[in-house]
Amino acid sequence: MVSQTAAPPATAGADPNALAPVHAPGELAALAARHHLGVSGARPSLPAYVRRLWGRRHFITAFATAKLTAQYSGAKLGQIWQIMTPLLNATVYYFIFGVLMNTQHGVDDFVPFLVTGVFIWTFTSNAITAGTRAISGNLGLVRALHFPRASLPIALGLQQLQQLLFSLATLVLILFAFGEFPRPSWLLAIPALLCQSMFSIGVSMVVARLAARTPDIAQLMPFILRTWMYASGVMWSLDSLASNDKVPHAVTVLLDLNPAAVYIDLMRFALIESFTADRLPPHVWAIAAGWALLCGVGGFVFFWQAEERYGRG
């Protein structure tokens with residue numbers, strides 16, 4: 001009969017680290033490099049990040065559509081609120097600014113002018129507001145799965161773009177009711193929307209990074225957006241300031257460079273016949289494209305630089 005020798009029992013109170021192997025400095029790093037291992041959650045290079053983001057394009061579109069569908073799922077009217085909300089906003093603004101404050105004086109086709117401004121501004125405003133919740137509102141997803149975090153603000157921006165397309169369908173009906181019908185200039189709305197989308201999503205990614213680190217920005221953003229709206233000519237014409245000698249020239253220049261006002265004007269010039277093309281300053285398209293590139297590309301790079309810090313508390 002062969003006897004088996006039992007292993008000696010562990011000494012009570014022994015240090016568990018005493019049996020751990022000791023590695024020379026740099027040995028573990030060399031071992032990881034030899035087996036092509038990297039730091040989990042490390043920020044990839046910018047080209048690799050773009051490729052990974054492109055690989056998640058189906059997730060981005062599906063996430064945006066799902067968020068849009070669920071937005072009014074608890075309301076009895078459901079998706080009708082996607083059209084009713086901007087229309088009700090335009091109605092309130094018409095009563096306050098068009099009737100009580102009489103800002104429609106001197107503005108041709110004031111109702112199409114107002115509705116276009118409200119719809120276009122709402123897209124930018126909602127995209128930026130959604131950016132403040134892109135990370136903090138999806139912490140469970142961020143911490144559970146590994147994916148390019150830029151997918152979230154981009155998806156939320158696409159959600160607002162889909163919302164805008166519903167609003168534009170309503171805008172077309174309003175234009176028909178006021179005698180505005182399709183003409184070649186309507187095609188200019190496409191590049192204008194592309195520039196605005198790139199700008200809005202870029203700014204959304206900037207505030208997404210800032211709000212992920214400082215959540216109080218989400219509380220401050222409504223006040224910033226409200227002030228920005230009043231300075232963007234949504235409910236009144238900025239041309240009235242250009243003829244006012246009491247307004248400093250620097251203020252009028254800043255208003256002309258205001259990206260929200262630029263995109264609103266481009267859509268008005270494209271869709272409303274009274275805002276003819278000869279009234280559109282030739283530099284407006286350059287300003288629109290410049291803001292789109294600056295904020296779109298710059299916002300994306302700014303967001304990417306903090307990729308490894310999102311969701312870590």
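Throughout, a residue's number is its position along its own chain's written sequence, starting from 1. At least 70 in pLDDT is required for a residue's local features to be given in this predicted model, at least 80 for side-chain atom pairs to be given and counted, and no such filter applies to totals for whole chains, interfaces and linings, which use all residues. Values reported for side chains reflect all heavy atoms of the structure, with hydrogen atoms and water molecules removed beforehand.

A word on the confidence of the model for the protein
Line of reasoning, step 1. Averaged over every residue, the pLDDT of the protein is 83; the share at 70 or more is 82%.
Line of reasoning, step 2. pLDDT expresses how confident the predictor is about each individual residue, on a scale running from 0 to 100. A run of H or I in DSSP becomes a helix once it reaches four residues, and a run of E becomes a strand once it reaches two; helices and strands are each numbered from the N terminus. Of all the helices and strands in the protein, helix H1 (residues 27–34) carries the lowest mean pLDDT, 63, while helix H13 (residues 284–304) carries the highest, 96.
Line of reasoning, step 3. It only takes one pair of heavy atoms within 4.5 Å for two residues to be counted as in contact. Scored below 50 in pLDDT, residues 1–7 shows 0 contacts in the model against residues more than four places distant or in partner chains.

Overview of the packing of helix H4 (residues 81–100) against helix H7 (residues 151–177)
Line of reasoning, step 1. All axes here are fitted lines through C-alpha atoms, helices being fitted over the stretch that makes contact, and every angle between N-to-C directions spans 0 to 180 degrees. With their axes 9 Å apart at the nearest point, H4 and H7 run at an angle of 65° to one another. Seen from above, H4 lies across H7 with right-handed handedness. Here Gln 82, Ile 83, Pro 86 and Leu 87 of H4 come into contact with H7, specifically with Gln 163, Phe 166, Ser 167, Thr 170 and Ile 174.
Line of reasoning, step 2. The residue makeup of the contact of H4 with H7, split by class, is 5 nonpolar, 4 polar and no charged. Left-handed describes a crossing whose near helix is turned anticlockwise from the far helix through less than a right angle; right-handed describes the clockwise counterpart. Three classes are used: nonpolar for Ala, Val, Leu, Ile, Met, Phe, Trp, Tyr, Cys and Pro, charged for Asp, Glu, Lys and Arg, and polar for all others, with Gly counted as polar.

Concerning the packing of helix H5 (residues 110–132) against helix H12 (residues 259–271)
Line of reasoning, step 1. Where H5 contacts H12, the two axes come as close as 9 Å, and the packing angle between them is 135°. When the interaxial angle is binned, H5 and H12 end up oblique. Judged by the twist between their axes, the crossing of H5 over H12 is right-handed. Across the interface between the two elements, Phe 113, Thr 116, Gly 117, Ile 120 and Trp 121 from H5 touch Ala 260, Tyr 263, Ile 264, Met 267 and Arg 268 from H12.
Line of reasoning, step 2. Taken together, the residues that form the contact of H5 with H12 break down as 7 nonpolar, 2 polar and 1 charged. Any angle from 65 to 115 degrees is called roughly perpendicular, while one under 35 is roughly parallel, one over 145 is roughly antiparallel, and all others are oblique.

Details of the environment of Gly 131
Line of reasoning, step 1. Among the secondary structure elements, Gly 131 is positioned in helix H5.
Line of reasoning, step 2. Whether a residue is buried, partly exposed or exposed follows from its accessible area with a 1.4 Å probe, protein chains only, as a fraction of its type maximum: under 20%, in between, or over 50%, in that order. Judged by its relative accessible area of 0%, Gly 131 is buried.
Line of reasoning, step 3. A C-alpha to C-alpha distance of 5.9 Å links Gly 131 and Val 207, two positions 76 residues apart in sequence.
Line of reasoning, step 4. Setting aside residues up to four positions removed in sequence, Gly 131 forms contacts with Ser 204, Val 207 and Ala 208.

Quick notes on the side chain of Thr 116
Line of reasoning, step 1. Relative to the helices and strands, Thr 116 is located in helix H5.
Line of reasoning, step 2. Accessibility expressed as a relative area gives 0% for Thr 116, which makes it buried.
Line of reasoning, step 3. Contacts of Thr 116, omitting those with residues within four sequence positions, involve Leu 171, Met 267, Arg 268 and Ile 272.

Focus: the environment of Asn 138
Line of reasoning, step 1. Structurally, Asn 138 can be placed in the loop between H5 and helix H6 (139–144).
Line of reasoning, step 2. Along the sequence, Asn 138 and Gly 311 sit 173 residues apart, while their C-alpha atoms lie 8.9 Å from each other.
Line of reasoning, step 3. Contacts of Asn 138, omitting those with residues within four sequence positions, involve Phe 63, Arg 133 and Leu 152.

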